[in-house]
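Spelled out from the first residue to the last, the chains are:
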There are 2 protein chains.
Amino acid sequence: MGGPEIERLIGLLAKLPGLGPRSARRAALRLLQHPESRMLPLATALTEAARAVKPCRLCGNLDSRDPCSICDDPHRDHATICVVEGVGDLWALERAHVHRGIYHVLGGTLSALAGTRPEDLNLAPLLGRIEGDEVREVILALGATVDGATTAHWLTERLRPTGVTITRVAQGVPIGGALDVLDDGTLAAALRARRPF
Amino acid sequence: MGGPEIERLIGLLAKLPGLGPRSARRAALRLLQHPESRMLPLATALTEAARAVKPCRLCGNLDSRDPCSICDDPHRDHATICVVEGVGDLWALERAHVHRGIYHVLGGTLSALAGTRPEDLNLAPLLGRIEGDEVREVILALGATVDGATTAHWLTERLRPTGVTITRVAQGVPIGGALDVLDDGTLAAALRARRPF
């Protein structure tokens, strides 16, 4: 159906998250119909990004600068480090404009199921920063999952000797969320963490 | 957030059909995390496809061969031409393995709203084939829309002088479809085209 080049393109597009075989075909067709204005610019953007973007050696964020534009920003609060599992979490927090400190990307969570152990996580640069700099607070912004909780507890033990303040993001009812559709665990967490009104 | 290369990549991915800003970010992140195994192969596939794939000069299908692999296939029935609006329709019919003849891609339908006129459609190669070859039947496989019906009527008038047999695909209840969710137009078409049981 159109030769190996088209098949190969559809196959690679179908591997992207959010695209299945059907939408990959639609995307490939749209690209094929606009080779100059869409297909080649995307090819160039991919090549450029693959060349330029690297993990930041300080925090693990992906950036075309190293240290990344967040670690390198003098206007941010370098005494508050927000620890996240992945770069996608960092992007989400940045879009929400809720954190004025810097970040540390662990690159995963401890997971018995996935076989992720402490030595698989990006930890050394975080310890180095805490020991070397004037870090006051480490905010654990990990997912409210079993692996997220395991990792938060392990990290807390690991960082306790440094004397740094360790906090974690609140768990509860999401803003805009109705109570009757929430799972029991979220309801229990929201009740346990209730605050005076 | 990561530099201009990442922003540019997300922007281009978000323009693909089926991907919005959110899924474009997820796709970009997945690619960035696997530059060698995912990002560069996709860039290469795009460049290769842009270089190799062209519209078939006979039928308008997109292929890295010209004439395309369908027009060039001696095992297909070259006396039966199925006329479709776009390459996506051709792909759908090929996946269903329901047409053993060849195709002709119009590249659009007549549309007062979109301003598509007869001279905007890929028609000359179809007329040339009908006049030159031993074409017996032209099957109109156009969408059951106003524009599709307009185009079918116009094409029928246009091809009538050649004496070729002109048919069109049936309209009715889709296989697996329940009657109570169908629109009135489909129900009317299905009733009008009823056949003895």
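Small disclaimer: the values here were computed from a predicted structure and weren't measured.

**Quick notes on the pattern of salt bridges**
Then, in step 1: One pass over the full model with this rule turns up 14 salt bridges over all chains.
Then, in step 2: With its nearest N and O atoms 3.0 Å apart, the salt bridge here joins D72(A) to R65(A).
Then, in step 3: With a closest N to O distance of 2.8 Å, R160(B) and E157(B) form a salt bridge. Each of the two residues, R160(B) as well as E157(B), counts as exposed.

**Re unusual backbone geometry**
Then, in step 1: Each neighbour pair has its own omega, and for D66(A) with P67(A) the value is 5 degrees, a cis peptide bond.
Then, in step 2: With a phi close to 50 degrees, H97(B) is a non-glycine residue in the positive phi region.
Then, in step 3: With relative accessibility at 70%, the residue H97(B) sits in the exposed group.

**Some details on the relation of the copies chain A and chain B**
Then, in step 1: When chain A is fitted onto chain B, the two copies agree to an RMSD of 0.0 Å after a turn of 180 degrees and an axial shift of 0.0 Å. The relationship between the two copies is best expressed as a two-fold rotation axis. Closest to the rotation axis within chain A is the C-alpha of A43(A), separated from it by 2.1 Å.
Then, in step 2: Comparing interface residues between copies, 100% of those in chain A also lie at the interface in chain B; the contact surface is shared.

**Considerations on the side chain of T109(A)**
Then, in step 1: Within the fold, T109(A) resides in the loop between β4 (101–105) and α5 (124–132).
Then, in step 2: If we skip the residues at most four places from it in the chain, T109(A) touches E85(A), T116(A), L121(A), D147(A), G148(A) and T151(A).

**Details of the sheet that holds strand β4 (residues 101–105) of chain B**
Residue and element names in this part refer to chain B.
Then, in step 1: An order of β4-β3-β5-β6 is seen for the four strands of this open sheet, with the pairing classed as parallel. If you trace the sheet from one side to the other, it starts and ends with β4 and β6 (165–168), each paired once. Each strand of the sheet is rotated relative to its neighbour by a mean of 25 degrees, with strand direction disregarded.
Then, in step 2: Here five bridges tie strand β3 (residues 77–84) to β4, and the two strands are oriented parallel to one another. Of the residues in β4, the one forming a bridge with V84 is V105.
Then, in step 3: Of the strands in this sheet, β3, β5 (137–140) and β6 are in contact with helix α6 (residues 146–159), which crosses β5 at around 165 degrees.

**Some thoughts on helix α3 (residues 35–52) of chain B**
Then, in step 1: The end-to-end C-alpha distance of α3(B) is 24 Å, a good match for the 26 Å that 18 residues give at a rise of 1.5 Å each.
Then, in step 2: Those residues of α3(B) that sit buried are M39(B), P41(B), L42(B), A43(B), A45(B), L46(B), A49(B), A50(B) and A52(B).

**So, a positive patch on the surface**
Then, in step 1: On the surface, R22(A), R26(A), R30(A) and R95(B) cluster together into a patch of positive charge.
Then, in step 2: Looking at which element gives the most residues to the positive patch, the answer is helix α2 (residues 21–33) of chain A, with three residues.
Then, in step 3: Checked against the element boundaries, R95(B) lands in helix α4 (residues 87–96).
Then, in step 4: The class for R95(B) is partly exposed, based on a relative accessible area of 37%.

**Comments concerning the nonpolar core**
Then, in step 1: If you look at the biggest cluster of nonpolar residues, it comprises 107 residues, and the most contacted ones within it are L9(A), L13(A), L46(A), L9(B), L13(B), L46(B) and L155(B).
Then, in step 2: For L9(A), the residues in contact, after removing those within four places along its chain, are A28(A), M39(A), L42(B), A45(B), L46(B) and A49(B).

**Digging into the pairing of strand β6 (residues 165–168) of chain A**
All names here are of chain A.
Then, in step 1: Of the strand pairs in this sheet, strand β5 (residues 137–140) and β6 are connected by four bridges, and their pairing is parallel. Following the sheet pairing, E137 is matched in β6 by T165.
Then, in step 2: Handedness of the crossover joining β5 and β6 through helix α6 (residues 146–159) is recorded here as right-handed.

**Side note on the UniProt feature "zinc finger region: C4-type" (unreviewed entry) in chain A**
Then, in step 1: With numbering aligned to this structure, UniProt lists the feature "zinc finger region: C4-type" (unreviewed entry) at residues 56–71 of chain A.
Then, in step 2: From the first C-alpha to the last, residues 56–71 of chain A spans 8 Å; its make-up is 0% helix and 12% strand.

**Examining the confidence of the model for chain A**
Interpretation of the predicted coordinates at a detailed level should be avoided for regions scoring low in pLDDT.
Then, in step 1: Taken as a whole, chain A shows an average pLDDT of 92; of its residues, 99% reach a score of 70 or greater.
Then, in step 2: Mean pLDDT across the elements of chain A ranges from a minimum in helix α7 (residues 184–192) of chain A, with 83, to a maximum in strand β2 (residues 62–63) of chain A, with 97.

**Points about α4(B)**
Then, in step 1: For α4(B), the set of buried residues is V87(B), L90(B), W91(B) and E94(B). Projected down its long axis, α4(B) carries its buried residues within an arc of 100 degrees, all on one side.
Then, in step 2: Elements that come into contact with the buried residues of α4(B) comprise α1 (4–14) and α2 of chain A together with β2 (62–63), β3 and β4 of chain B.
Then, in step 3: Backbone geometry just downstream of α4(B) places H97(B) in the positive-phi region, at approximately 50 degrees.

**As for the interface of chain A and chain B**
Then, in step 1: Every contact between the two is made by 49 residues of chain A and, on the other side, 49 residues of chain B.
Then, in step 2: Summed over both sides, the interface between chain A and chain B buries roughly 4500 Å², with carbon and sulfur atoms accounting for 75% of that surface.
Then, in step 3: Linking chain A with chain B are zero salt bridges.
Then, in step 4: Inspection of the chain A/chain B interface yields six residue pairs in polar contact (both at pLDDT 80 or more).
Then, in step 5: Of all elements in the fold, only α1, α2, α3 (35–52), β2 and α4 (87–96) of chain A reach the threshold of two or more residues within the side of chain A that touches chain B.
Then, in step 6: In terms of residue count, α3(A) provides more of the side of chain A that touches chain B than any other element does, 14 residues in total.

Quick notes on the rules
- Here the residue numbering is sequential within each chain, running from 1 through the sequence in written order.
- Ligands are numbered from 1 and chains lettered from A, in the order in which they are written.
- The model is predicted, so local features are restricted to residues of pLDDT at least 70 and side-chain atom pairs to those at 80 or more, both for listing and for counting; the totals for chains, interfaces and linings are taken over all residues.
- Side-chain measures here rest on the full set of heavy atoms in the structure, leaving out hydrogens and waters.
- Note on definitions: salt bridges are taken to be side-chain nitrogens of Lys or Arg within 4 Å of carboxyl oxygens of Asp or Glu.
- Throughout, exposure labels follow a simple rule: accessible area from a 1.4 Å probe, protein chains only, divided by the maximum for the residue type, with under 20% read as buried, over 50% as exposed, and the rest as partly exposed.
- Copy-to-copy superposition: least squares on the C-alpha atoms, limited to residues that have pLDDT of at least 70 in both copies.
- In what follows, a contact means two residues having at least one pair of non-hydrogen atoms within 4.5 Å.
- A run of DSSP states H or I qualifies as a helix once it reaches four residues; a run of E qualifies as a strand once it reaches two. Both are numbered from the N-terminal end.
- Here a strand pair is declared whenever DSSP counts at least two bridges between the two strands.
- Axis lines are fitted through C-alpha atoms, for helices just across the contact stretch, and the angle between N-to-C directions can take any value from 0 to 180 degrees.
- In this analysis, the expected span of each helix is defined as 1.5 Å times one less than the number of residues it contains.
- Exposure above 30% relative accessible area and the absence of a salt bridge qualify a residue for a patch, where like charges join within 9 Å and nonpolar side chains (Val, Leu, Ile, Met, Phe, Trp, Tyr) within 5 Å.
- For the accessible areas, the method is Shrake-Rupley and the probe is 1.4 Å, while residue cover comes only from the protein chains on display.
- In this tally Asp and Glu are treated as negative and Lys and Arg as positive; neither His nor the chain ends contributes.
- By convention, the point assigned to a charge is CZ for Arg, NZ for Lys, CD for Glu and CG for Asp.
- Residue types Ala, Val, Leu, Ile, Met, Phe, Trp, Tyr and Cys, when buried and joined through side-chain atoms within 4.5 Å, form a set referred to as a nonpolar core.
- Convention used here: a crossover is right-handed provided that the path from the first strand, over the helix, to the second strand proceeds clockwise when the strands point away from the viewer.
- UniProt positions are given in the numbering used here, feature names are shortened, and annotations may be inferred rather than shown by experiment.
- pLDDT expresses, on a scale from 0 to 100, how confident the predictor is about each individual residue.
- Directions are taken from the helix axis to each C-beta atom, and the arc is the one they span.
- Each of two parts loses accessible area, computed with a 1.4 Å probe, when they are put together; buried area is these two losses added.
- N or O atoms closer than or at 3.5 Å make up a polar contact, with two conditions inside protein: a donor-capable atom paired with an acceptor-capable one, and, for residues adjacent in sequence, both atoms drawn from side chains.

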